[in-house]
Amino acid sequence: MSTKVFVDGQEGTTGLRIHEVLAARSDIEVLRIDADKRKDSAERARLLNAADVAFLCLPDAASREAAAMVTNPNTCLIDASTAHRTVPGWVYGLPELAPGQRAAIRGAKRIANPGCHASAFILLLRPLVDAGLVPKSAVISATSITGYSGGGKKMIEQYQALPTEPALTSPRPYGLTLAHKHLPEMATHTGLAQPPIFQPIVANFYKGLAVSVPLSLAALGTTAEALQQAYERHYAGERFIRVMPLRDAATLEGAFFDVQACNDTNRADLFVFASEFQAVVMARLDNLGKGASGAAVQAMNVHLGVEESLGL
Ligand SMILES: NC(=O)C1=CN([C@@H]2O[C@H](COP(=O)(O)OP(=O)(O)OC[C@H]3O[C@@H](n4cnc5c(N)ncnc54)[C@H](OP(=O)(O)O)[C@@H]3O)[C@@H](O)[C@H]2O)C=CC1
Ligand SMILES: CC(=O)N[C@@H](CCC(=O)OP(=O)(O)O)C(=O)O
């Protein structure tokens, strides 16, 4: 019997990509809403309650509204927005987070999909905190470089309009109130007592994201090898996480890091670059792949118990 899936927000960036991925699946029956009814509450409620799995690819307020419409106890919600990522009763949809997370996703009817910057940051920090290499009390800073599709339809339109606004031709730091919406999940799901000092930068390319975290090996009393081993242990057997060799030679030879090399995959690549006393750990992913739609489909596969038998 096929699984009935509804995407609330089917015309948006994340929703469209989920549809593309699901189109290749014979085990999924996609329930579609008529384009002119896509904001009609009664029709959305009908389809949400008819679905076995419903993806919420909506702004936060509309996601909260959608969650409140669901009365069918069998409907599993996978919310791509920020609305429920630290809310009790919702399971964080990152199977590689820690032992037990996969089982939690399998058993949950409310799954909150991680944010794109947050996914990369948490994949880097959680293993180091769990291994005791970074204390929970540490003050961490992080920089993220992201493609403009992370900003959804409005930002895509802005970057693709011709002629290009001069300010958009160079990378643009943002989040300068130091209150980015991913900070709460970054602290909650790493175990850090306080969120990082977080500096995102958006630039004129469609998709791809890399988070960098500088660490003082001397201050932490650790080594680059120990960081690398912590990643290798934590992610052993994880097909969507690739722990790259310490001081990845291919990157160092080229001298420049390729932020887009995970595009069109559900993979995250993790790197440790280091001198004797300092390290920079980096995570790279496709903000629309492992950072959004890919991760949402992976969470669905884990929930349905079909992750092992499928690619994405
Ligand atoms: N883009 C990315 O890389 C990522 C996005 N996310 C999150 O996923 C969610 C969706 O993002 P994204 O796809 O980029 O956003 P978009 O702006 O591209 O799409 C959002 C869609 O939701 C629709 N919508 C808005 N309000 C309602 C409503 N009340 N009822 C029904 N539909 C509604 C919009 O309709 P209309 O077409 O009329 O505008 C639009 O089609 C957001 O919460 C976002 O923060 C998460 C991870 C990464
Ligand atoms: C370029 C850009 O604006 N990116 C978005 C992140 C996209 C994302 O992951 O948003 P959610 O938290 O809704 O998942 C931002 O930094 O706010």
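Residues numbered from 1 in each chain as written. Chains lettered and ligands numbered in written order. Predicted model: local features only at pLDDT ≥ 70, side-chain atom pairs only at ≥ 80, totals over all residues.

A look at the site of ligand 1
So, point 1. Within the structure, ligand 1 sits among 27 residues, and Gly12, Thr14, Ser81, Gly152 and Ala292 are positioned closest to it.
So, point 2. Residue assignment for the shell around ligand 1 shows that the elements contributing at least two residues are helix H1 (13-22), helix H3 (60-69), helix H6 (152-160) and helix H11 (289-304).
So, point 3. Among the elements that line the shell around ligand 1, the one with the most residues is H1, at three residues.
So, point 4. Split into classes, the residues belonging to the shell around ligand 1 amount to eight nonpolar, 13 polar and six charged.
So, point 5. Two domains share the shell around ligand 1, each providing at least three of its residues, namely domain 1 (3-113 + 292-304) and domain 2 (116-288). (Near = placed C-beta within 6 Å. Helix = DSSP H or I, 4+ residues; strand = E, 2+ residues; numbered from the N terminus. Nonpolar A, V, L, I, M, F, W, Y, C, P; charged D, E, K, R; others polar. Domains from an automatic or database assignment.)

Remarks on the UniProt feature "domain: Semialdehyde dehydrogenase NAD-binding" (unreviewed entry) in the protein
So, point 1. The UniProt entry lists residues 4-105 under the feature "domain: Semialdehyde dehydrogenase NAD-binding" (unreviewed entry), expressed in the numbering used here.
So, point 2. As annotated, residues 4-105 has a helix share of 34% and a strand share of 19%, and its two end C-alpha atoms lie 18 Å apart. (UniProt positions renumbered as here; feature names shortened; annotations may be inferred.)

Things to note about the sheet that holds strand E2 (residues 28-31)
So, point 1. Reading across the sheet, the six strands line up as E2-E1-E3-E4-E6-E5 and stay open at both edges, with parallel pairing between neighbours. Both outer strands of the open sheet, E2 and strand E5 (91-92), are each paired with one neighbouring strand and no more.
So, point 2. Relative to strand E6 (residues 110-112), strand E4 (residues 76-79) runs parallel, the two being bridged by three bridges. Bridge pairing links Asp79 to Ala112 in E6. (Pairing = 2+ DSSP bridges.)

Some thoughts on the UniProt feature "active site" (unreviewed entry) in the protein
So, point 1. The UniProt record annotates "active site" (unreviewed entry) at Cys116.
So, point 2. Looking at where Cys116 falls in the secondary structure, it is placed in helix H5 (residues 116-130).
So, point 3. Beyond its immediate sequence surroundings of up to four residues, Cys116 is in contact with Thr146, Gly150, Leu209, Asn287, Gly291 and Ala292. (Contact = placed C-beta atoms within 7 Å.)

Looking at the domain arrangement of the protein
So, point 1. Each assigned domain of the protein is listed here: domain 1 (3-113 + 292-304) and domain 2 (116-288).
So, point 2. Domain 1 and domain 2 are separated by 25 Å when their C-alpha centres are compared.
So, point 3. Tallying the contact residues gives 16 residues for domain 1 and 23 residues for domain 2.
So, point 4. Examining the composition of the side of domain 1 that touches domain 2, we find that five residues originate from one element, H11, more than from any other.
So, point 5. Here the side of domain 1 that touches domain 2 is composed, by residue class, of six nonpolar, seven polar and three charged.

With respect to the sheet that holds strand E13 (residues 278-285)
So, point 1. Strand order across the open sheet formed by seven strands is E8-E9-E7-E10-E13-E12-E11, with mixed pairing between neighbours. The open sheet has two free edges, formed respectively by strand E8 (172-173) and strand E11 (241-243), since each of these has just one partner strand.
So, point 2. With eight bridges joining them, strand E10 (residues 209-216) and E13 adopt antiparallel strand pairing. From the neighbouring strand, Ser212 faces E13, where its bridge partner is Met282.
So, point 3. Of the strands in this sheet, strand E7 (141-147), strand E9 (197-203), E10, E11, strand E12 (268-274) and E13 touch H5, which is tilted by about 35° from E10. (Axes fitted to C-alpha atoms, helices over the stretch in contact; angles between N-to-C directions.)

Looking at the nonpolar core
So, point 1. Counting residues in hydrophobic clusters, the biggest one holds 76 residues, and the most contacted among them are Leu124, Ala283 and Ala296.
So, point 2. When residues in this core are grouped by element, the largest group, nine residues, is from H5.
So, point 3. Of the domains in this structure, domain 1 (3-113 + 292-304) and domain 2 (116-288) are the two that each give at least three residues to this core.
So, point 4. In contact with Ala296, not counting residues within four places along its chain, are Ile18, Phe55, Ile78, Ala80 and Asn113. (Core = buried A, V, L, I, M, F, W, Y, C linked by C-beta atoms within 7 Å. Buried ≥ 20, exposed ≤ 12 C-beta atoms within 10 Å, placed from the backbone.)

So, the pairing of strand E3 (residues 53-56)
So, point 1. Alternating positions in E3 separate into two faces, Val53 and Phe55 on one and Ala54 and Leu56 on the other, with burial throughout.
So, point 2. Bridge analysis of strand E1 (residues 3-8) against E3 gives four bridges, and the strand direction is parallel. By the bridge assignment, Val5 is partnered in E3 with Val53.
So, point 3. By the bridge criterion, four bridges tie E3 to E4 in an arrangement that is parallel.

Some words on unusual backbone geometry
So, point 1. Of note, the amide linkage connecting Leu162 to Pro163 takes the cis form, showing an omega dihedral of -5°.
So, point 2. One can find Pro163 in the loop between H6 and E8.
So, point 3. Despite not being glycine, Asp264 shows a phi value in the positive range, around 65°.
So, point 4. Locating Asp264 in the fold gives a position in the loop between helix H10 (249-254) and E12.

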